[in-house]
Amino acid sequence: MLAVTGWFALVLLLHLLLPGQLACGVQLPNRQRLTYKLNAFSVFAITYGTAAAVSFGLGVLDLSWIPRNFVPLTTAAIIFSSVLAVAVYAASFLPNRLLSQHGNSGIFVYDFWMGRELNPRAFGKTLDIKEFCELYPGMIGWGLLNLAFAYQQYKQLGYVTNAMLLVNGFELWYIADGLLNEAAILTTMDITTDGFGFMLAFGDLAWVPFTFCTQARYLADYPRQLSLPALLGVLAVQALGYCIFRGANSQKNTFRTNPGHPSVAHLKSMPTERGTRLIISGWWGAARHINYLGDWLMGLAWCLPCGLSGLASVVPYFYCIYFAALLVHRERRDEAACRAKYGADWGRYCALVPWRIIPYVY
Ligand code: NDP
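Residues numbered from 1 in each chain as written. Predicted model: local features only at pLDDT ≥ 70, side-chain atom pairs only at ≥ 80, totals over all residues. Heavy atoms only, no water.

## Here we look at unusual backbone geometry
Next, step 1: Notably, Arg31 is not glycine yet its phi reads approximately 70°, a positive angle.
Next, step 2: Mapping Arg31 onto the fold places it in the loop between strand E1 (21-24) and strand E2 (35-38).
Next, step 3: In this structure, Asn96 is a non-glycine residue whose phi angle is positive, near 60°.
Next, step 4: Relative to the assigned elements, Asn96 resides in the loop between helix H4 (70-91) and helix H5 (108-114). (Helix = DSSP H or I, 4+ residues; strand = E, 2+ residues; numbered from the N terminus.)

Have a look at this one:
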């Protein structure tokens, strides 16, 4: 419990103390915009640098302590996130709180799960608890857990297999990419629409770090070395996934912030009564959530290095099975939200871009 609380406190302290770019969030239902301090990448670089210095430089911390204490650490993270969920739920009853549309039904279990308050804040409103939990302790911790499993493998074998290197490299890339593009989270459904309740507290602080490291954990116990064709095949799936994921997300971000930019100026789009334009060509003309396809393909590339040679080896594929269900459900939620936001325009858009996630399939 001390390790989990200490990790959270260290990351929080760095976030509060280190300088960061200030960014404005989207307009809230009360017509206000919140300001966010963005320094996730600096916190990531400093914590990893410190971990490397104290483990390999000073020899004070043995990183293999983490895999050896995986179950107690997971339990502590579940307890910590539950306590946080109770605290933000209780605080949401204080005066002048902006409540989320979906977490304010009056049904305790539902509201506790969904989150009553939209953007709970602390430390004189300088800390946005939801944005911090979404990107800092859990995401950064996930990469550290992966590295600890790689170190455990190194201690056992005397080297790190190429499968473990791929899993660590891919996932570290994904984490660093997400942290570098921190501003992009301000327009996601989690920040703009969902309240901060048990679902996000548990998801961000316990679920993400302790289940997303399953492939590295599996490879520490069942080491694998990939043949060259298998390695190239996995790299190709990752490259394709990244190309779609980053291409689509950047295309939408650039189009929305700077539509005259040469990289998006050629795109076809349709006007809407809401005032914003919907892209109908390029990545967004292929499917309405083509970015989810790219994200899922990358998830598949993280699982493939674990191979498939029997029932037990299905375990590391948990991530891409779970993620497929999450993305299909998320797409349905976003679809319903867009239908409500855009009305008849959304129907016209769906006629022009009929596929949900996978062109010509779904
Ligand atoms: P999106 O980035 O797909 O954004 C959806 C919003 O974009 C819509 O609500 C709409 O909002 C706008 N939009 C939709 N279609 C168009 C269009 N054609 N042209 C312009 N704007 C459009 O949603 P998410 O926030 O769900 O996902 C962001 C990224 O995060 C994705 O890549 C996803 O894969 C990833 N993600 C990863 C998770 C993980 O656990 N690894 C979990 C969740 C997400 P409006 O018009 O109001 O701007």
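## Focus: the UniProt feature "transmembrane region" (unreviewed entry) in the protein chain
Next, step 1: UniProt annotation of "transmembrane region" (unreviewed entry) refers to residues 41-61, 73-94, 158-176, 196-214, 226-248 and 299-325 when read in the numbering used here.
Next, step 2: Secondary structure content for residues 158-176 is 79% helix and 0% strand, and the end C-alpha separation is 27 Å.
Next, step 3: When the span residues 226-248 is considered, its composition is 91% helix and 0% strand, and the gap between its end C-alpha atoms is 31 Å. (UniProt positions renumbered as here; feature names shortened; annotations may be inferred.)

## Structural notes on helix H15 (residues 318-342)
Next, step 1: For H15, built from 25 residues, the straight-helix expectation of 36 Å at 1.5 Å per residue is met to within 8% by its first-to-last C-alpha distance of 35 Å.
Next, step 2: Buried within H15 we find Tyr319, Cys320, Tyr322, Phe323, Leu327, Arg330, Glu331, Asp334, Glu335, Cys338 and Tyr342.
Next, step 3: Count one or two residues on from H15 and you reach Gly343, which has phi positive near 55°. (Expected span 1.5 Å × (residues − 1). Buried < 20%, exposed > 50% of the residue type's maximum accessible area, 1.4 Å probe, protein only.)

## Things to note about the side chain of Glu171
Next, step 1: Here Glu171 shows up in helix H8 (residues 162-180).
Next, step 2: Buried charged residue Glu171 carries no salt bridge. Nearest counter-charge: Arg217, at 12 Å.
Next, step 3: Once residues lying within four places of it in the same chain are set aside, the contact partners of Glu171 are Trp142, Asn146, Phe212, Gln215 and Trp302. (Lys, Arg positive; Asp, Glu negative; His and termini not counted. Salt bridge = Lys/Arg side-chain N within 4 Å of Asp/Glu carboxyl O. Contact = heavy atoms within 4.5 Å.)

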